[in-house]
Amino acid sequence: MSVELSVVLPVYNEEANVPEVYRRLVAVLEGAAVPFEIVFVDDGSRDRTWTLVRELAANDRQVRGLSFSRNFGHQMAFAAGLDAARGRCVVVMDADLQDPPELIPTLLAKHREGYEVVYAVRTRRAGESAFKRWTAAAFYRLLRRITQVEIPVDTGDFRLMGSQALAAFRKLPERHRFTRGLVAWLGFSQIGVPYERPARQAGESSYPLRKMLRFAGDGITSFSHVPLQVATWLGVVVASLSTAYLLLFGILRLASVRLPASTALIAVVLVVSGVQLVTIGLLGQYVGRIYDEVKRRPLYLVRESVGGPEAAP
Ligand code: UDP
Ligand code: MG
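Note that the structure is predicted; figures quoted are calculated from it, not measured.

Explain the overall build of the protein chain residue by residue, including any values.
Secondary structure summary: the protein chain contains 10 helices and 8 strands in total. Radius of gyration (C-alpha) of the protein chain: 25 Å, far over the 20 Å computed for a compact globule of 313 residues. C-alpha extents for the protein chain along the principal axes are approximately 95 × 40 × 35 Å. Within the protein chain, the proportion of its 313 residues that are buried is 44%. Relative to all contacts within the protein chain whose residues are 6 or more apart in sequence, the contacts with residues 24 or more apart total 82%. Charge separation in the protein chain, taken as the distance between the mean sites of 38 positive and 30 negative side-chain charges, equals 8 Å.

Dropping the structure here:
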């Protein structure tokens, strides 16, 4: 029997959530009466996550699992899950039950109405700090202003993708992945479905500020050249100011007004070199990413995979 729906879950140190998310998924999917599979992508967990996934796969043919050779990150786990999925459509969700499985029938219904991509939009976020909510809101609004791609505001990676979107997504080779932007870039018909995002069921978020910043950097650099343009404009502004200053200085000299030259000079030098450093840094952000892309390393390495029809005893 062909699989209609694959549910992909990246898991990293989620031993406390795997059994519960599995239970709730099975309840929902059996209720929806679609042939399904559940694909866990273990992103190099250091707890018992992989053991639990293996046990589930041993007892239930609808469960499959991949385990990475190390922690490659959420976005890579997402890519691996989509590569491995066999369903005609795929739902990707977090395993910490912040993305409620009960929303899947709604996503499916929208897909059946003809939408190729159905993404879940967070209307409220429980259990996340005001700082996280605020920075996320600001970031998505900034991103919207500086990109040409219409990246929907307040969406995570919880979404359903149909077969066309899936085939297109699998062709994207890039390393620095900002998945929600990439999916928006695909086009096709897309629609959002609102939901309230509950707090994490157990365990801790593995997105500390440092990772969030890097992720935000990937989002901006892979969808916008605006920072590079800002560098150019800064250069133009500073160059014109310095020219104006020089002219003024010349005129005052001609009018034989005596000025202490050194203080002004130091200020100008500091401003100009500051601008130069900032712009070089910006350039570096892009150059580093170009370097990572041209190395053409595989996105992830799989250490072990379990489950699926061919793994029958
Ligand atoms: N995750 C992953 N690799 C990582 C970090 C997280 O696969 O390096 C998974 C994690 O197990 C969860 C999902 O990605 O299923 C979202 O992570 P988390 O809940 O920590 O992020 P948040 O919801 O706080 O943004
Ligand atoms: Mg979470």
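Could you give an account of helix H5 (residues 130–146), naming the residues involved and the relevant values?
Because an α-helix completes one turn every 3.6 residues, residues spaced three or four positions apart along the sequence face the same direction. Along its 17 residues, H5 runs 24 Å from first to last C-alpha, staying within 8% of the 24 Å computed at 1.5 Å per residue. Those residues of H5 lying buried are Ala136, Phe139, Tyr140, Leu143 and Ile146. Down the axis of H5, the buried set is contained in an arc of 135 degrees. They therefore lie on one face. For H5, exposure combined with an orientation more than 90 degrees from the buried face picks out Ala130, Trp134 and Arg145.

Describe the nonpolar core, with residues and values.
Residues Val41, Phe68, Leu82, Met161, Phe169 and Phe178 are the most contacted members of the largest nonpolar core, which totals 42 residues. Contacts of leucine 82, omitting those with residues within four sequence positions, involve Val8, Val90, Val92, Met161, Leu166, Phe169 and Arg170. Counting residues in each nonpolar core, the second largest holds 37 residues, with Ile38, Val63, Leu103 and Val306 among its members.

Let's hear about the pattern of salt bridges: which residues, and what values?
Evaluated as defined, the whole model comprises 10 salt bridges. Residues arginine 54 and glutamate 304 are paired through a salt bridge, measuring 2.9 Å at the closest nitrogen-oxygen approach. Residue arginine 54 is located in helix H2 (residues 49–59), and its partner glutamate 304 is located in strand S8 (residues 302–307); the two are separated by 250 residues in the primary sequence. By relative accessible area, arginine 54 is classed as partly exposed at 40%. Its relative accessible area of 23% is what places glutamate 304 among the partly exposed residues. For aspartate 218, the salt bridge identified is with arginine 289, shortest N-O distance 2.8 Å. Here aspartate 218, found in helix H8 (residues 209–223), pairs with arginine 289, found in helix H10 (residues 261–294); they are 71 residues apart in sequence, far enough to count as distant. What makes arginine 289 buried here is its relative accessible area of 14%. Via salt bridges that share partners, Arg54, Arg303 and Glu304 belong to a single interconnected network.

How would you sum up the side chain of aspartate 96? Please name residues and give values.
With respect to the secondary-structure elements, aspartate 96 resides in the loop between strand S4 (89–92) and helix H4 (104–112). By relative accessible area, which is 3% here, aspartate 96 ends up buried. At 3.1 Å, the side chain of aspartate 96 forms a polar contact with the backbone nitrogen of glutamine 98. Dropping the residues within four chain positions of it, aspartate 96 is found in contact with Glu14, Asn17, Arg200 and Gln201.

Explain the packing of aromatic side chains to me, using residue names and the numbers behind them.
Under the counting rule described, the total for this entry stands at 7 aromatic pairs. Summarising the aromatic geometry, the rings of phenylalanine 158 and tyrosine 195 are spaced 5.7 Å apart at their centres and angled 85 degrees between planes, so their arrangement reads as edge-to-face. In this pair, phenylalanine 158 sits in strand S6 (residues 155–161) while tyrosine 195 sits in strand S7 (residues 190–197), placing the two residues 37 residues apart along the sequence. An identical accessibility class is assigned to phenylalanine 158 and tyrosine 195; each is buried. Aromatic rings pair up to connect Phe139, Tyr140, Phe178 and Phe215 into one cluster. The positively charged end of arginine 70 is found above the aromatic ring belonging to phenylalanine 72, 3.9 Å away from the centroid.

Mind laying out unusual backbone geometry, listing which residues take part and the relevant values?
With phi around 50 degrees, asparagine 13 is a residue other than glycine that occupies positive phi space. Assignment of secondary structure puts asparagine 13 in the loop between strand S1 (5–11) and helix H1 (18–32). The backbone phi angle of leucine 97 is positive, close to 65 degrees, even though this residue is not glycine. Mapped onto the fold, leucine 97 is located in the loop between S4 and H4.

Would you mind going over the pairing of strand S3 (residues 63–68) in detail, with residue names and values included?
Most of S3 sits inside the fold, with 6 of its 6 residues counted as buried. Burial of the side chains of S3 extends over both faces: Val63, Gly65 and Ser67 are buried on one face and Arg64, Leu66 and Phe68 on the other. The β-α-β motif built from strand S2 (residues 36–42), the intervening H2 and the parallel element S3 has right-handed crossover chirality. Looking at chain direction, S3 and S8 are connected through 5 bridges and run antiparallel. Paired with arginine 64 across the two strands is glycine 307, which belongs to S8.

What counts and how
- Residues numbered from 1 in each chain as written.
- Chains lettered and ligands numbered in written order.
- Predicted model: local features only at pLDDT ≥ 70, side-chain atom pairs only at ≥ 80, totals over all residues.
- Heavy atoms only, no water.
- Helix = DSSP H or I, 4+ residues; strand = E, 2+ residues; numbered from the N terminus.
- Rg over C-alpha atoms; globule rule 2.2 N^0.38 Å.
- Buried < 20%, exposed > 50% of the residue type's maximum accessible area, 1.4 Å probe, protein only.
- Contact = heavy atoms within 4.5 Å.
- Lys, Arg positive; Asp, Glu negative; His and termini not counted.
- Charge placed at Lys NZ, Arg CZ, Asp CG, Glu CD.
- Expected span 1.5 Å × (residues − 1).
- Arc of directions from axis to C-beta.
- Core = buried A, V, L, I, M, F, W, Y, C linked by side-chain atoms within 4.5 Å.
- Salt bridge = Lys/Arg side-chain N within 4 Å of Asp/Glu carboxyl O.
- Polar contact = N/O pair within 3.5 Å; in protein donor to acceptor, adjacent residues only side chain to side chain.
- Phe/Tyr/Trp six-rings, centres within 6.5 Å; stacked < 30°, edge-to-face > 60°.
- Lys NZ or Arg CZ within 6 Å of the ring centre and 35° of its normal.
- Right-handed = clockwise from strand over helix to strand, strands pointing away.
- Pairing = 2+ DSSP bridges.

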